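Structural overview for review
Next come the chains, spelled out residue by residue.
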Amino acid sequence: MAMSKTAKTLLIIGGILFTLVLVSIIGIALILENVGNPSVPENSVLELKISGELPDYAPKDPLADAFGWGSSQSFTGLTAQLRKAKVDTRVGAVLLDVEMSGIGWGKANELRAAIKDFKTSGKPIYAYTEFALNKEYYIASAADKIFVPPPGDIYVNGLALNAMFYKGSLEKLGVDYEFLKIGKYKNAPDQYTKKEMTDEQREVTNAIIDDIYGTLVNAISEDRKLDAAKVKEIIDTAPHRAPQAKELGLIDGALYRDEVKQELQKKLGYKDGDKLRMVSDTAYSEVQPSSLGINNGERIAVIYVAGAIISGSSNSSAFGGSFAGADTMIEAFNQAAEDDSIKAIVLRVDSPGGSAPASNLMWHAIEQAKKKKPVVVSMADYAASGGYYISCNADKIVADPSVLTGSIGVFVGKPNIKGIYDWLGVSNEYITRGENAGLFREDQNWTDGERAKFQEQINDFYYNDFLPKVAKGRGMTTEQVDAIGQGHVWTGNQAKANGLVDELGGLEKAIEVAKGLAKLPADKDVTRVDLPKVPTLLESFFGGGSDASVKAKTQEQKTQEAFAKTLPEDVRHSLRFVEMFDKMKRGESMLILPYEIRIK
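Here we take up the confidence of the model for the protein chain. In this model, the protein chain carries a mean pLDDT of 86, and residues with pLDDT of at least 70 account for 80%. Low pLDDT, under 50, characterises residues 29-35; the stretch is placed with five contacts to residues that sit more than four places away or in other chains. In this model, residues 537-553 is a region of pLDDT below 50 whose contacts with residues beyond four sequence positions or in other chains number 37 contacts.

In structure tokens, the structure reads:
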């Protein structure tokens, strides 16, 4: 049927309008890309907020930011702000607004190092917090001065580590988990098979908390000029109201925010009546590092492996956090290896591990990349089990003192949900061919033959794959690796003593080491190339981007996220583990931290 004249006219008008909108979007993008340097007043104060999840890396997209769809503040973005402010002559001081954040103790150490590095500029850096727990105060204590409003509280009351167990709940639901494992400290399955810690889990937990507690006490003692014994006494008598905290030497003043700004005005030599010139972290993030003479020179790739390791593409979890997909990461490794302009690769690992097969594929890609240029690992909060597996063959490993790493072990398992079926009145019947065709039956435990088959598989992986790879990468014997393996989790301090890492430090230290291996001048800066590349809004609009793309969220994913936000934090963390196990069903061996470790 021929198209009517009216329909043709509407089609033409629609096409014209679409083209105009498209041209406008492209124009805005080009303008935003070239603006990049907002006005920063002389002798101003940069206000940096330390709060929220603070993922390790979140790319900047000016167009997405303009439409309010931009990514949230990231941890590496925050430390980059301090690096810029250190050399920016327009910035006279920094005010840290310290709130509750999602970073772990490894990144807290790294942030403290960034604060201390800023202080070498001679510029003042003050911290303001209305309510601080151990980690928040630990971060703030690196600043020149700490201020808390009069009604505020300092809860530096010692460390607590909570291990949760779900066997009781599963029994009520009629679910029975069955696991096989190698490593007496590989206690991940214990969450589902026990109701309390084993002696091995308690041993590791105590060692970790002792190490981090010692770090906390020593940092407060050094930064606040207090005797270590006095710091422990302060901890044991906490919490403390702001006036009391000042008397104890924990803070420098019980002041409101406006009064802190007045202190900064005096410090920076403002005249009476002058208004303090403040620059927000959002505005300052638009200042290009290259305009300040940093982040330029030879190129070094920084590849972010964030979240549990899975097969396929990287994606995010509705319950918080992300998954590092093998396909996505391998593409990034290959891209960095094949680009001759990139002189070295820094692998930034922030992962508790995950799928053994996916970890193996990533290990191989890293091994191939290492043939072309140096590869250095930077461990963030976690680089354990599968996270250590992909790290062990690097030319050098740099870890923060409080990172959680090691956990060299393996397990495999499946749930038996026959109890739920019985409760619901559901019956099922399997017809099989083949001795082991029922390996993944969800209504019964493994037979002796099936169990033996899986045990054979994980034995082969641990003794003929994991141990030899670590031994080769670290210059040890398999016997030496096995002795410090067994699923044992170590802090960065402990891992260095055991030979599992080479140097202590954060991302900046790793880049310094990579420069040395690539024979780049130590006194010259480098351009950091962040990978995997996430497509911009325009690329997404036109269907561009690679497998590393963060795909548009489906309505189902949005519904899941909305539901997840209604749940308590501990429940969300538990469901994140369940979701990860679901992604690794069908017999994949797992290399993952023996339990989620959150120290508050």
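Next, the rest of the story.
This paragraph deals with the packing of helix α13 (residues 326-338) against helix α14 (residues 356-370). The contact between α13 and α14 brings their axes to 9 Å, and the two run at 0 degrees. Here α14 runs roughly parallel to α13, going by the angle between their axes. Judged by residue contacts, A326, M329, I330, F333, N334 and A337 of α13 engage A358, L361, M362, A365, I366 and A369 from α14. Taken together, the residues of the contact of α13 with α14 break down into eleven nonpolar, one polar and no charged.

This next bit is on the pattern of salt bridges. On inspection of all chains with the given rule, the structure shows 34 salt bridges. Here K266 and E263 are joined by a salt bridge, their closest N and O atoms 4.0 Å apart. Of the two residues, K266 and E263 are both situated in helix α11 (residues 257-267); the distance of three residues between them amounts to about one turn of the helix. On the basis of relative accessibility, which here comes to 63%, the residue K266 falls in the exposed class. Since its relative accessible area comes to 27%, E263 is described here as partly exposed. For the salt bridge of D502 with R474, the shortest nitrogen-to-oxygen distance reads 2.9 Å. Here R474 lies in helix α17 (residues 448-474) and D502 lies in the loop between α19 (492-497) and β21 (503-504), a separation of 28 residues in the sequence. Note on D502: relative accessible area 25%, which makes it partly exposed. According to the relative accessible area criterion, R474 is buried, its value standing at 14%. The network of salt bridges with shared partners includes E47, K49, D97, E99, E130 and R257.

Taken in spatial order, the three strands line up as β4-β6-β8 in an open sheet, and their pairing is mixed. The open sheet has two edge strands, β4 (131-133) and β8 (240-241), and neither has a second partner.

Attention now moves to the environment of V87. Examined against the element boundaries, V87 turns out to sit in helix α3 (residues 75-87). Sequence separation between V87 and S121 is 34 residues; the distance between their C-alpha atoms is 7.5 Å. In this structure, V87 is in contact with K123, L292 and I294, ignoring residues within four places of it in sequence.

Here we take up a nonpolar patch on the surface. Residues W423, L424 and V426 make up a contiguous nonpolar surface patch of about 380 Å² in total accessible area. Locating V426 in the fold gives a position in the loop between α16 (418-424) and α17. What makes V426 partly exposed here is its relative accessible area of 37%.

Pairing within the open sheet is parallel, and its five strands lie in the order β5-β3-β2-β1-β9. On the outer flanks of this sheet lie β5 (145-147) and β9 (278-280), each paired with one strand and no other. For this sheet, the mean inter-axis angle between neighbouring strands, taken without regard to orientation, is 25 degrees. Contacts between α3 and the sheet are confined to β1 (44-52), β2 (91-101) and β3 (125-128), with β1 contributing the most and set at about 165 degrees to the helix. Contacts from helix α4 (residues 105-119) reach β1, β2 and β3, with the element oriented near 140 degrees to β3.

Attention now moves to the packing of aromatic side chains. Enumeration over the complete set of coordinates arrives at 15 aromatic pairs. Seen from their ring centres, F131 and Y155 are 5.1 Å apart, and the 45 degrees between their planes marks the pair as tilted. Placement of the pair is F131 in strand β4 and Y155 in strand β6 (residues 153-155), with a sequence separation of 24 residues. Since its relative accessible area comes to 37%, F131 is described here as partly exposed. An angle of 65 degrees between the planes, with centres 5.0 Å apart, marks the rings of Y389 and F466 as edge-to-face. In this pair, Y389 sits in helix α15 (residues 386-389) while F466 sits in helix α17, placing the two residues 77 residues apart along the sequence. For F466, a relative accessible area of 0% corresponds to the buried category.

This part covers helix α8 (residues 199-223). Compared with the 36 Å implied by 1.5 Å per residue over 25 residues, the 36 Å span of α8 between its first and last C-alpha is a close match. A positive backbone phi angle near 55 degrees is found at K225, which sits one or two residues after α8.

Of all the seven residues making up strand β7 (residues 176-182), five are buried; the element is thus mostly covered by neighbouring parts of the structure. For β7 and strand β19 (residues 410-416), the ladder comprises seven bridges, and the chain directions are antiparallel. Residue pairing in the sheet places I182 in a bridge with V410 of β19.

Our next topic: the side chain of D56. Mapped onto the elements of the fold, D56 is located in the loop between β1 and α2 (62-66). In this structure D56 comes out as buried when scored by relative accessible area, which is 5%. Of note is the side chain of D56, whose polar atom sits 2.8 Å from the side chain of R348.

Another point: unusual backbone geometry. A cis amide bond, omega 10 degrees, links A238 with the succeeding residue P239. Note on placement: P239 falls in the loop between α9 (228-236) and β8. Here L531 and P532 are connected by a cis peptide whose omega angle stands at 0 degrees. Looking at the secondary structure, you find P532 in the loop between β22 (527-531) and α21 (537-541). With phi around 55 degrees, K225 is a residue other than glycine that occupies positive phi space. Turning to its location among the elements, K225 is positioned in the loop between α8 and α9.

Definitions and cut-offs
Residues numbered from 1 in each chain as written. Predicted model: local features only at pLDDT ≥ 70, side-chain atom pairs only at ≥ 80, totals over all residues. Heavy atoms only, no water. pLDDT = per-residue confidence, 0-100. Contact = heavy atoms within 4.5 Å. Axes fitted to C-alpha atoms, helices over the stretch in contact; angles between N-to-C directions. Helix = DSSP H or I, 4+ residues; strand = E, 2+ residues; numbered from the N terminus. Parallel < 35°, antiparallel > 145°, perpendicular 65-115°, else oblique. Nonpolar A, V, L, I, M, F, W, Y, C, P; charged D, E, K, R; others polar. Salt bridge = Lys/Arg side-chain N within 4 Å of Asp/Glu carboxyl O. Buried < 20%, exposed > 50% of the residue type's maximum accessible area, 1.4 Å probe, protein only. Pairing = 2+ DSSP bridges. Patch = residues over 30% accessible without salt bridge, like charges linked within 9 Å, V, L, I, M, F, W, Y side chains within 5 Å. Areas by Shrake-Rupley, 256 points an atom, 1.4 Å probe, with all protein chains shown as cover. Phe/Tyr/Trp six-rings, centres within 6.5 Å; stacked < 30°, edge-to-face > 60°. Expected span 1.5 Å × (residues − 1). Polar contact = N/O pair within 3.5 Å; in protein donor to acceptor, adjacent residues only side chain to side chain.

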